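Single-letter residue listing:
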Amino acid sequence: MNFFKIKGIEQPIAQLIMGTDYFNPSIQEKVNSILDSYIGIGGNTLDTAYVYSGGNSERAVGNWLTERGNREQVIVLTKGGHPNQNGNRINKAAIAEELEISLERLQTGYTDLYALHRDDTDVPVGEIIEILNEHIESGRIKAIGGSNWSHQRLQEANDYAAAHGLIGFSFSSPNLSLAKPKEAFWAGCISADADACKWHEATQIPLLSWSSQARGFFTGRFTPDNLENEDLVRVFYSDANWERYNRAQKMAADKGFTTIQIALAYVLNQPFPSAALIGPQNQAEMDSCLEGAAIKLTPEELAWLDLSAV
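About the thresholds
- Residues numbered from 1 in each chain as written.
- Predicted model: local features only at pLDDT ≥ 70, side-chain atom pairs only at ≥ 80, totals over all residues.
- Heavy atoms only, no water.
- Helix = DSSP H or I, 4+ residues; strand = E, 2+ residues; numbered from the N terminus.
- Expected span 1.5 Å × (residues − 1).
- Buried < 20%, exposed > 50% of the residue type's maximum accessible area, 1.4 Å probe, protein only.
- Contact = heavy atoms within 4.5 Å.
- Axes fitted to C-alpha atoms, helices over the stretch in contact; angles between N-to-C directions.
- Parallel < 35°, antiparallel > 145°, perpendicular 65-115°, else oblique.
- Nonpolar A, V, L, I, M, F, W, Y, C, P; charged D, E, K, R; others polar.
- Salt bridge = Lys/Arg side-chain N within 4 Å of Asp/Glu carboxyl O.
- Pairing = 2+ DSSP bridges.
- Right-handed = clockwise from strand over helix to strand, strands pointing away.
- Left-handed = near helix turned anticlockwise from the far one by under 90°.

1. Quick notes on helix H8 (residues 239-255)
Its 17 residues give H8 an end-to-end C-alpha distance of 24 Å, which sits within 8% of 24 Å, the value for a rise of 1.5 Å per residue. What H8 keeps buried is the set Asn241, Trp242, Arg244, Tyr245, Arg247, Ala248, Met251 and Ala252. Looking at the packing, one finds that the buried side of H8 touches helix H7 (230-236), helix H9 (259-268) and helix H11 (299-305). Backbone geometry just downstream of H8 places Gly256 in the positive-phi region, at approximately 85°.

2. Overview of the packing of helix H5 (residues 151-163) against helix H6 (residues 194-203)
Viewed as axis vectors pointing N to C, H5 and H6 meet at an angle of 30°, and their least axial separation amounts to 10 Å. One element, H5, and the other, H6, form an angle in the roughly parallel class. Counted together, His151, Leu154 and Gln155 of H5 and Asp195, Ala196, Trp199 and Thr203 of H6 form the full contact between these two elements. Tallied by class, residues from the contact of H5 with H6 come to three nonpolar, three polar and one charged.

3. Notes on the pattern of salt bridges
The full count for this structure, using the stated rule, is 17 salt bridges. As a salt-bridge pair, Asp112 and Lys142 come within 3.7 Å of each other at their nearest N and O atoms. With Asp112 in strand E6 (residues 111-116) and Lys142 in strand E7 (residues 141-147), this residue pair connects regions lying 30 residues apart in the sequence. We classify Lys142 as partly exposed; its relative accessible area is 38%.

4. So, the pairing of E7
Of all seven residues that make up E7, six are buried, and the element is covered over most of its length. The pairing of E6 with E7 spans five bridges and is parallel. Of the residues in E7, the one forming a bridge with Ala115 is Gly145. Handedness of the β-α-β unit built from E6, helix H4 (residues 125-138) and E7 comes out right-handed. Where E7 meets strand E8 (residues 169-173), four bridges bridge the pair, whose relative direction is parallel. Its bridge partner lying in E8, Ser147 is registered against Ser173. Viewed along the sheet, the connection from E7 through H5 into E8 turns out right-handed.

5. Here we look at the packing of H4 against H5
Contact geometry of H4 with H5 gives a least axis separation of 9 Å together with a crossing angle of 65°. The handedness of the crossing between H4 and H5 comes out as right-handed. Contact residues: H4 offers Val125, Gly126, Ile128, Ile129 and Glu130, while H5 offers Arg153, Glu156, Ala157, Tyr160 and Ala161. Looking at the contact of H4 with H5 residue by residue, the class counts come to six nonpolar, one polar and three charged.

The structure is reproduced here in structure tokens:
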């Protein structure tokens, strides 16, 4: 397992971060098995959120942390501020309310990493930084980030933090994958484009990618003629992405790996610290992710995969 650092966190962060969006106490035995398997391959970081599985993801993770007694060894990333039926939730009261509930569900007094699930560009970034710093000062949060924030807003927030002696965002969590989306998978979601990647390279701020394997686009289950998955067709079906798929398939054959492992390696070999949120549901899938994370790709290979080189 490869690791990297996030400012504000003493422990190194595993490049493979375990996604828990469907976790639920009703399947606690399965949750425990998956998380035990993830720890077994050297992982140490879990991704959850206030809204995942109606709050049950955090509850299931909290149950596992308490049963295993390993809270100090595991890095927890949870998220808040996702819009609900009443609108945006990026304000002081909503953030405080959701964070308190998240910590109760997780059965802990703090979260290592806290990300705002969405941005609200009507709220000045300075106000948001001030709110989050109050929770850092209280010990409820160690490091803050933005999920589905533009790199321009992240930079603006960090400029404000630097000017006012505050702690800024130390990570970002957009989508990044070898397959480039034609449109957002969900409303308000952001994918890292070329400019965002250049910003990450310049700042060296870590990128934690969700849907890093493009929702299964590289598994081999899909073809240009297979239109049964409407969301995949809507977001990822394009001539350019099928060419990326073909190149990944060729590289996989040449190197002795699978196509999806090459797609994972693309995310993890960027010229800035990067991680992939993964969702394996059995040991074979877990081992496949670990093997993919160990693949080293050169800048030239990355460019070829991404159609930047012939």
